[in-house]
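Close look at the chain arrangement
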Amino acid sequence: MAVDRTASPSPPRKVKWRKWNNILHRDIGYLVVALTLVYGVSGIAVNHTADWNPSYAVEKRALEIGPLAGETRDELVREARERLRLTDEPANTFRPDPETLQLFYTRLTYSIDIPTGKVLVEEVRPRRVLFEFNQLHLNAPKRVWTYIADLYAASLIVVAITGMFVLKGKTGITGRGAWLVGLGLAIPLLYWLVYMYLP
Amino acid sequence: MRFVLTIVAVLWCSAAIAVAGSPKNYGKALTLKETTKVSEILADPAKYNGKKVRVEGAVVEVCKKRGCWITLSSDKEFESIQFKVDDGVIVFPLDAKGKNAVAEGIVSAKTYSAEDLIKQGEHKAEEQGTTFDPSTVKGPKTVVRIMGEGAVIK
């Protein structure tokens, strides 16, 4: 077939980068919805560890079983179990000092004051949903989860970058977008400067 | 939609069951073969200060705020040792209490003034939601801890 070499070359095909940018932003955005909720909710919970334990609720109650007379640890444990009506063997026992006996069961601790028979029962319960969220957020599973979390973080970076270029015009990155991105940058930057250099 | 929710529920339950029963590793893998008795460390802290040891004991206390330390029972009555880890590097769960642990770390024997001990006692009481009586502190004291590197709790 003859080729007409005198014809002018066709104009370069325009790459529709914004279209692909928006597709990436949309679809990766959908993918990270669940984990963003997990990390966001857990992030708020974990931020306040000074005020509470975000993963466990601890319930305390007091009992009285009367003074224990046993001399050895085994005798004391037997006596305490009888009075507390605990049929199962404790997972462990401990005496932090001569006046205290502790019995450990799954998520339950009985601390008994031997001379008075006062008992403090402490029950530890994982907080529903928050426990699982925090385990993932704090990377408790390790191994494969480390890479899933890395992939999630990389996805967030892609969502953030592509997000800046979704719109064009005065609401895009050359208009209002620039101001909002600048504000978002200024908050951590100012905080860091104040934190680092002010007494 | 029902299919997706079923898959999510099955995965969630499987993960919970898998995590529940098995021994859990925290931090670095254990490397030492020989176990040192906690009572031996407490009897002669100077001998072990700065050395890496592997100890065993029941977890009798866990930091309630950050899970940044556990206390392990000694092989002798009325004795225990704190196993301290860096905040966030290892987080011990509160329900580790009462379980058996094998732990490795560097022994730290440090003498604190009465003032420092009172501050530490008050801080620990606040963390654990308990009370602390400063009059129980009688002068300077050597506190022996293990700066934790790794542990297995079962």
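As the structure is a computational prediction, the values presented were derived from the model and not from experiment.

So, about the domain arrangement of chain A. The assigned domain composition of chain A is domain 1 (17-50 + 128-197) and domain 2 (56-126). A separation of 47 Å is found between the C-alpha centroids of domain 1 of chain A and domain 2 of chain A.

Here the focus is the pairing of strand β5 (residues 118-126) of chain A. All names here are of chain A. Bridging between strand β1 (residues 56-64) and β5 involves 9 bridges; their strand directions are antiparallel. Of the residues in β5, the one forming a bridge with Ala62 is Leu120. Relative to β5, strand β4 (residues 108-113) is paired through 6 bridges, and the arrangement is antiparallel. By the bridge assignment for β5, Asp113 is matched with Lys118. Turn length for the β4-β5 hairpin, with the two strands adjacent in sequence and antiparallel, is 4 residues, and the turn residue Gly117 shows positive phi of about 80 degrees.

Our next topic: the interface of chain B and chain A. With 22 residues of chain B at the contact, the number on the chain A side is 26 residues. Note on chain B versus chain A: buried area summed over both sides is about 2100 Å², and carbon and sulfur give 54% of it. Applying the counting rule to chain B against chain A returns 5 salt bridges. With a closest N to O distance of 3.1 Å, Glu122 of chain A and Lys97 of chain B form a salt bridge. Joining chain B to chain A, the criterion identifies 10 residue pairs in polar contact (both at pLDDT 80 or more). Per-element tally for the side of chain B that touches chain A: the top contributor is strand β2 (residues 52-62) of chain B, with 3 residues. Partitioning the side of chain B that touches chain A into residue classes produces 7 nonpolar, 7 polar and 8 charged.

Among all positions in helix α4 (residues 130-137) of chain A, only Leu130, Phe131, Phe133, Asn134 and Leu136 of chain A are buried. Positive phi appears at Asn139 of chain A, one or two residues downstream of α4 of chain A, with a value of about 55 degrees.

Turning next to the pattern of salt bridges. Residue and element names in this part refer to chain A. Counted under the stated rule, the structure contains 17 salt bridges over all chains. Put simply, Arg125 and Glu59 hold a salt bridge, and the shortest N to O gap is 3.6 Å. Taken together, the residues span a long stretch of sequence, with Arg125 in strand β5 and Glu59 in strand β1 at a distance of 66 residues. Since its relative accessible area comes to 39%, Arg125 is described here as partly exposed. The exposure class of Glu59 is partly exposed, given its relative accessible area of 36%. Between Arg61 and Glu123 there is a salt bridge, with its nearest N and O atoms 3.6 Å apart. Here Glu123 lies in strand β5 and Arg61 lies in strand β1, a separation of 62 residues in the sequence. Owing to a relative accessible area of 25%, Glu123 belongs among the partly exposed residues under this scheme. Overlapping salt bridges, with partners in common, bring together Glu59, Arg61, Glu123 and Arg125 in one network.

What counts and how
Residues numbered from 1 in each chain as written. Chains lettered and ligands numbered in written order. Predicted model: local features only at pLDDT ≥ 70, side-chain atom pairs only at ≥ 80, totals over all residues. Heavy atoms only, no water. Domains from an automatic or database assignment. Pairing = 2+ DSSP bridges. Helix = DSSP H or I, 4+ residues; strand = E, 2+ residues; numbered from the N terminus. Contact = heavy atoms within 4.5 Å. Buried area = accessible area lost by both parts, 1.4 Å probe. Salt bridge = Lys/Arg side-chain N within 4 Å of Asp/Glu carboxyl O. Polar contact = N/O pair within 3.5 Å; in protein donor to acceptor, adjacent residues only side chain to side chain. Nonpolar A, V, L, I, M, F, W, Y, C, P; charged D, E, K, R; others polar. Buried < 20%, exposed > 50% of the residue type's maximum accessible area, 1.4 Å probe, protein only.

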